[in-house]
Amino acid sequence: MDVSGFYGQRFNKVGTTIFASYNRNWVYDPSDTGFTAIPQFDRYVFNPKLFLYLTEHTQISIGLNAMFEDRLGGDIEYIKGKGDDTHSYFEKNKTQRHSTQLTFGHRFNEKDRLDFKNSVTYFKRNIGVPSYSFEGVQVSTFSELSYTHTNQKTEWVAGLNLWTDKFDENKLTDFQPRDYNQTILGAFVQNNWEATDGLTWKQDYERIMFLIMELPYFRASPPTSRLLTIFPPGSEEGLAIKHLLSLQKIAKGFNTSMYYQSTRIRINWKEVTG
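Residues numbered from 1 in each chain as written. Predicted model: local features only at pLDDT ≥ 70, side-chain atom pairs only at ≥ 80, totals over all residues. Heavy atoms only, no water.

## A closer look at the overall build of the protein chain
Rules: Only DSSP runs of H or I covering at least 4 residues are called helices, and only runs of E covering at least 2 are called strands; the numbering of each starts at the N terminus. Burial status follows relative accessibility: with a 1.4 Å probe on protein chains alone, a residue under 20% of its type maximum counts as buried, one over 50% as exposed, and anything between as partly exposed. In what follows, residue pairs with any heavy atoms lying within 4.5 Å of each other are defined as contacts. Calculation of accessible area relied on Shrake-Rupley with a 1.4 Å probe; when residues are assessed, cover is drawn exclusively from the protein chains displayed.
Helices and strands together make up the secondary structure of the protein chain, namely 3 helices and 13 strands. Put simply, the protein chain has 274 residues, and 27% of those count as buried. Partitioning the contacts of the protein chain with sequence separation of at least 6, the portion at a separation of at least 24 is 56%. Approximately 17,800 Å² of the protein chain is accessible, and the part contributed by carbon and sulfur atoms is 57%.

Structure follows, in structure tokens:
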């Protein structure tokens with residue numbers, strides 16, 4: 001069973017969209033094996049979004065996506081409430097996934113624009129089977145700030161990215177909790193150049209990423225020496241990799257993994273008619 005609804009409206013400088021749905025599935029055993037091929041579940045989704053048109057050049061949008069789901073599979077008799085020593089196998093899953101979306105855009109003039117994006121995700125899951133239980137919460141975020149400058153033939157985009165990811169497991173068994181905490185910071189510069197009416201030269205100056213795990217230890221992965229066996233020391237890639245040694249010294253005191261991605265040059269050709 002699926003039931004959903006959508007509403008959208010704009011009131012001058014304020015707009016909104018709202019989506020909601022409910023999904024239900026009953027237990028299904030087409031082969032009569034006594035076990036579920038498709039488990040029974042109930043799922044609720046709610047997704048409202050607000051749009052603010054502050055000025056002609058400035059817009060903000062704020063959204064939320066919430067989802068709740070209960071899922072039960074396993075022995076058919078157990079699911080029907082007739083479980084005993086023989087019919088005792090089950091698989092229970094309870095899931096919550098919520099995420100926020102935030103965008104901000106401001107155009108200074110016809111050539112310059114500033115954009116900001118952010119998302120925060122909360123994910124919680126409970127898993128239960130006979131003699132084993134699991135429960136954990138993951139919180140992750142993504143943020144990006146970019147500045148765009150456009151000319152008649154070229155466009156420059158520069159910005160910063162920040163990713164965070166944290167997982168906490170509730171200790172319900174004798175297993176060691178699989179907790180972790182990661183932070184990734186990135187910077188990028190991109191140039192688009194329209195050489196002719198049909199030829200676009202696009203060059204991405206790829207990012208050197210910093211993966212900060214925890215303090216106060218330090219490491220570099222992959223090793224610089226191993227990267228130099230892939231890229232010749234005299235090449236542009238090899239020279240860039242050598243700079244990792246300086247970056248490693250700057251980051252000393254952190255448990256850091258550094259990744260180098262070589263410069264990419266792409267030429268896109270499109271046919272021009274007329």
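Moving on from the model shown.
## What about a nonpolar patch on the surface?
Heads up, the rule is: Any residue with relative accessible area above 30% and no salt bridge may belong to a patch, with like charges joined within 9 Å and the nonpolar Val, Leu, Ile, Met, Phe, Trp and Tyr side chains within 5 Å. What makes a salt bridge here is a side-chain nitrogen of Lys or Arg within 4 Å of a carboxyl oxygen of Asp or Glu, nothing more.
A surface patch of nonpolar side chains, about 580 Å² in accessible area, is lined by Tyr-7, Phe-11, Val-14, Ile-18, Phe-46, Leu-50 and Ile-62. Contributions of two or more residues to the nonpolar patch are made by β1 (2-11), β2 (14-25) and β3 (40-53). Relative accessible area serves as the criterion here: at 40%, Phe-46 is assigned to the partly exposed category.

## As for the confidence of the model for the protein chain
When pLDDT drops low, the exact placement of atoms in the prediction is not to be read closely. Let me state the cut-off plainly: By definition, pLDDT measures how confident the predictor is in each residue, and it falls between 0 and 100.
Considering every residue of the protein chain, the mean pLDDT works out to 77; 71% of them sit at 70 or more. Segment residues 236-241: pLDDT under 50, and 15 contacts once partners within four positions in sequence are set aside and those in other chains are kept.

## Structural notes on the pairing of β1
Our working definition: Pairs of strands are assigned from DSSP output, requiring at least two bridges between the strands.
The sheet contact formed by β1 and β2 spans 10 bridges and is antiparallel. Each residue of the ladder has a partner; that of Phe-6, found in β2, is Phe-19.

## With respect to the pairing of β3
Relative to β3, β2 runs antiparallel, the two sharing 12 bridges. Counterpart to Phe-19 in the pairing with β3 is Asn-47. Looking at chain direction, β3 and strand β4 (residues 58-74) are connected through 12 bridges and run antiparallel. Following the sheet pairing, Leu-52 is matched in β4 by Ile-60. In sequence, β3 turns back onto β4 through a hairpin of 4 residues.

## Quick word on the packing of aromatic side chains
The description of an aromatic ring pair rests on the distance of the ring centres and on the angle between the ring planes. Heads up, the rule is: What counts as a ring pair is set by centres within 6.5 Å for rings of Phe, Tyr and Trp (its six-membered ring), and what kind of pair is set by the plane angle: stacked under 30 degrees, edge-to-face over 60, tilted for all other angles. Ring-over charges, as used throughout, are those where CZ of Arg or NZ of Lys falls within 6 Å of the ring centre and within 35 degrees of the ring normal.
This structure, assessed with the given rule, holds 6 aromatic pairs. The interplanar angle of 40 degrees and the centroid separation of 4.8 Å between the aromatic rings of Tyr-22 and Tyr-44 together place this pair among those described as tilted. With Tyr-22 in strand β2 and Tyr-44 in strand β3, this pair connects stretches of sequence that are 22 residues apart. By relative accessible area, Tyr-44 is classed as partly exposed at 45%. Between the aromatic rings of Phe-167 and Tyr-180, the centroid separation amounts to 5.9 Å while the plane-to-plane angle is 25 degrees, which identifies the pairing as stacked. Of this pair, Phe-167 sits in strand β8 (residues 154-169) while Tyr-180 sits in strand β9 (residues 180-194), and the two are 13 residues apart along the sequence. For Phe-167, a relative accessible area of 14% gives the class buried. Through successive ring pairs, a cluster of aromatic residues spans Phe-134, Phe-167 and Tyr-180. The positively charged end of Arg-10 is found above the aromatic ring belonging to Tyr-53, 3.7 Å away from the centroid. The ring of Phe-90 has Lys-92 sitting right over it, with the charged end atom 5.2 Å from the ring centre.

## Thoughts on empty space enclosed by the protein
Rolled over the atoms, a probe with the dimensions of a water molecule shows which regions are left empty. What counts, and what does not: In the cavity and pocket records, a cavity denotes points on a 1 Å grid over the protein atoms alone where a 1.4 Å probe fits but cannot get out, a pocket denotes an open set with protein on both sides within 12 Å along at least 5 of 7 lines, and lining residues are residues with an atom within 4 Å of a point. Grid points are joined across faces, edges and corners, and a volume is the space filled by probe spheres set on the points. Residues were grouped as follows: Ala, Val, Leu, Ile, Met, Phe, Trp, Tyr, Cys and Pro as nonpolar; Asp, Glu, Lys and Arg as charged; and all remaining residues, including Gly, as polar.
Going through the model one piece at a time under the given rule, you end up with 1 cavity of 30 Å³ or more. There is about 50 Å³ of room inside the largest cavity. Ser-133, Phe-134, Glu-169, Asn-170, Lys-171, Leu-172, Thr-173, Phe-175, Gln-176 and Pro-177 together form the lining of the largest cavity. Across the lining of the largest cavity, the residue classes break down as 4 nonpolar, 4 polar and 2 charged.

## Structural notes on unusual backbone geometry
Although it is not a glycine, Asn-12 sits at a positive phi angle of roughly 55 degrees. Examined against the element boundaries, Asn-12 turns out to sit in the loop between β1 and β2. Looking at Asn-12, the relative accessible area reads 66%, which means it is exposed. Non-glycine residue Asp-32 carries a positive phi angle of around 55 degrees. Tracing the chain through its elements places Asp-32 in the loop between β2 and β3.

## As for the pattern of salt bridges
Applying the stated criterion across every chain, the model contains 5 salt bridges. A salt bridge links Asp-42 to Arg-24, with the shortest nitrogen-to-oxygen separation between them at 2.6 Å. Taken together, the residues Asp-42 in strand β3 and Arg-24 in strand β2 connect sequence positions 18 residues apart. Judged by relative accessible area, which is 24%, Arg-24 ranks as partly exposed. The closest approach of N and O atoms between Glu-69 and Arg-71, which form a salt bridge, is 3.2 Å. A residue is classified by how much of its surface remains accessible, and Glu-69, at 10% relative accessible area, is buried. Connected through shared salt-bridge partners, Arg-43, Glu-69 and Arg-71 make up one network.

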